[in-house]
Amino acid sequence: MFRVSNSKSRAHTKDIWSVSWWNNSIVTGGLDGIVNVWTENDVDGMKSLQCKCSTDAQKVGITSACMTSDESQLITCSQESIIRFYDMNSAGSSMEEHDQIAPGLMEAWSIAISADDSLIVAGTSTGKINIWDLVSKREKSSIDLQAKFVLQSKFSGDGRSIASVDMEGGLHIVDVQTERPVHSISASGLPIRGVSFSNAPAGKLVFTASDDRHVSVYDSASGRVINSFSHTGLALCVDACSPDKRQFVVGTSDHNVHVWDLGYQQCVQVIENAHKEPVWGVSYRGGADQGDKARFASVGEDCSIQFHDYS
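Keep in mind the model is a prediction, meaning the values are calculated, not measured.

A.B. asks: Is there a simple way to think about the sheet that holds strand E12 (residues 119-123) in this case?
C.D. replies: Strands pair in a sheet through their backbones, by hydrogen bonds, and they do so in one of two ways: parallel or antiparallel. Ordered by their spatial adjacency, four strands build an open sheet running E11-E12-E13-E14, and the pairing between neighbours is antiparallel. Looking at which strands have only one partner, the edges of the open sheet turn out to be strand E11 (111-113) and strand E14 (139-144). Averaged over all pairs of adjacent strands, the angle between their axes in this sheet comes to 20°, without regard to strand direction. With three bridges connecting them, E11 and E12 associate as antiparallel partners. The partner of Ala112 across the bridge, within E12, is Val121.

Below is the structure:
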């Protein structure tokens with residue numbers, strides 16, 4: 001069972017929309033326009049959380065923030081559709097922006113980085129996904145999904161596929177090499193706000209979190225739905241990259257976090273009132289030193305970060 005091992009209240013002054021946990025760095029982005037990079041320290045068995053560095057506040061909220069796998073760069077995206085780059089190796093307590101991509105209003109809503117740190121993808125309000133080369137910052141392609149407002153996109157672990165979800169409940173699987181949609185699925189009648197590939201060896205399962213209160217699992221190769229799991233609140237976010245390659249976690253609008261086991265096909269734990277407000281982000285700890293036991297962080301509108309350890 002998971003237990004709360006650490007927490008940070010008032011981690012931001014407004015709603016936290018984004019969380020990403022890689023090795024010992026926890027990245028959070030909020031409606032206050034700030035991205036914080038946190039480090040977790042363990043002294044004599046007692047865990048503490050320290051804000052290592054922060055970005056300057058933007059005028060609008062942060063939709064997503066993540067680090068490259070070598071933790072050398074922080075990349076953020078805001079509601080004004082500007083993708084900003086920060087050098088983590090030279091960062092002091094206040095990070096300075098060293099580069100940016102400004103594709104135009106609503107041309108980048110939520111970003112994701114490929115596992116090899118070569119590409120960035122973001123959805124648009126016009127139903128496209130834009131892909132940039134991370135090094136040159138030049139646009140590589142713009143792919144029309146024939147959709148309405150792409151809310152989130154993620155790369156598969158092998159970097160060959162992109163899964164995108166939209167405001168009208170569509171799931172789109174894109175082949176990165178051919179730059180063409182392979183499947184466009186009417187997955188839900190309501191917005192799908194979260195998507196995650198599994199980190200199983202095959203890496204072909206896609207999980208979608210929808211306002212219809214379901215997390216559905218699809219085979220990205222065939223486009224076939226495998227199962228669907230219901231919740232009492234709106235399913236706002238999902239992460240399927242657990243160390244055991246079978247669990248996935250879901251954050252919901254009724255303040256709960258649900259832990260599911262795909263092998264047993266059932267919910268194995270509901271962390272009730274994990275937050276005081278809707279849960280907008282969940283992230284398993286990734287990276288080389290993640291250890292054998294699963295750990296994940298959750299964030300939400302109550303401006304807090306909660307850390308959950310399996311024991």
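There is more to say after this.
A.B. asks: For this particular structure, what's the right way to read the side chain of His231?
C.D. replies: In this structure, His231 sits in the loop between strand E22 (225-230) and strand E23 (235-239). What makes His231 buried here is its relative accessible area of 8%. In terms of polar contacts, His231 uses its side chain to reach the side chain of Trp260, at 2.9 Å.

A.B. asks: Which parts of the structure should I look at to understand the packing of aromatic side chains?
C.D. replies: The description of two aromatic rings rests on the distance between their centres and on the angle between their planes. If you walk through the whole model with that rule in mind, you get nine aromatic pairs. A centroid spacing of 5.3 Å and a plane angle of 70° characterise the contact between Phe2 and Tyr310, whose relative ring orientation is edge-to-face. Of this pair, Phe2 sits in strand E1 (residues 2-8) while Tyr310 is found in strand E29 (residues 305-310), placing the two residues 308 residues apart along the sequence. Phe2 gets classed as buried once you look at its relative accessible area, which sits at 7%. Ring centres of Phe207 and Phe248 lie 4.9 Å apart, and the angle between their planes is 50°; on these two criteria the pair is classed as tilted. Here the residue Phe207 occupies a position in strand E20 (residues 205-210), and Phe248 occupies one in strand E24 (residues 247-252), the gap between them amounting to 41 residues. Like Phe248, Phe207 is buried.

A.B. asks: Explain the environment of Phe229 to me, please; I cannot follow it from the model alone.
C.D. replies: Looking at where Phe229 falls in the secondary structure, it is placed in strand E22. Sequence-wise, Phe229 and Val135 are 94 residues apart; in three dimensions their C-alpha atoms are separated by 39 Å. Those residues in contact with Phe229, other than ones at most four positions away along the chain, are Arg213, His214, Val215, Val217, Phe248, Trp260, Leu262, Gln265 and Gln266.

Parameters and conventions
Residues numbered from 1 in each chain as written. Predicted model: local features only at pLDDT ≥ 70, side-chain atom pairs only at ≥ 80, totals over all residues. Heavy atoms only, no water. Pairing = 2+ DSSP bridges. Helix = DSSP H or I, 4+ residues; strand = E, 2+ residues; numbered from the N terminus. Axes fitted to C-alpha atoms, helices over the stretch in contact; angles between N-to-C directions. Buried < 20%, exposed > 50% of the residue type's maximum accessible area, 1.4 Å probe, protein only. Polar contact = N/O pair within 3.5 Å; in protein donor to acceptor, adjacent residues only side chain to side chain. Phe/Tyr/Trp six-rings, centres within 6.5 Å; stacked < 30°, edge-to-face > 60°. Contact = heavy atoms within 4.5 Å.

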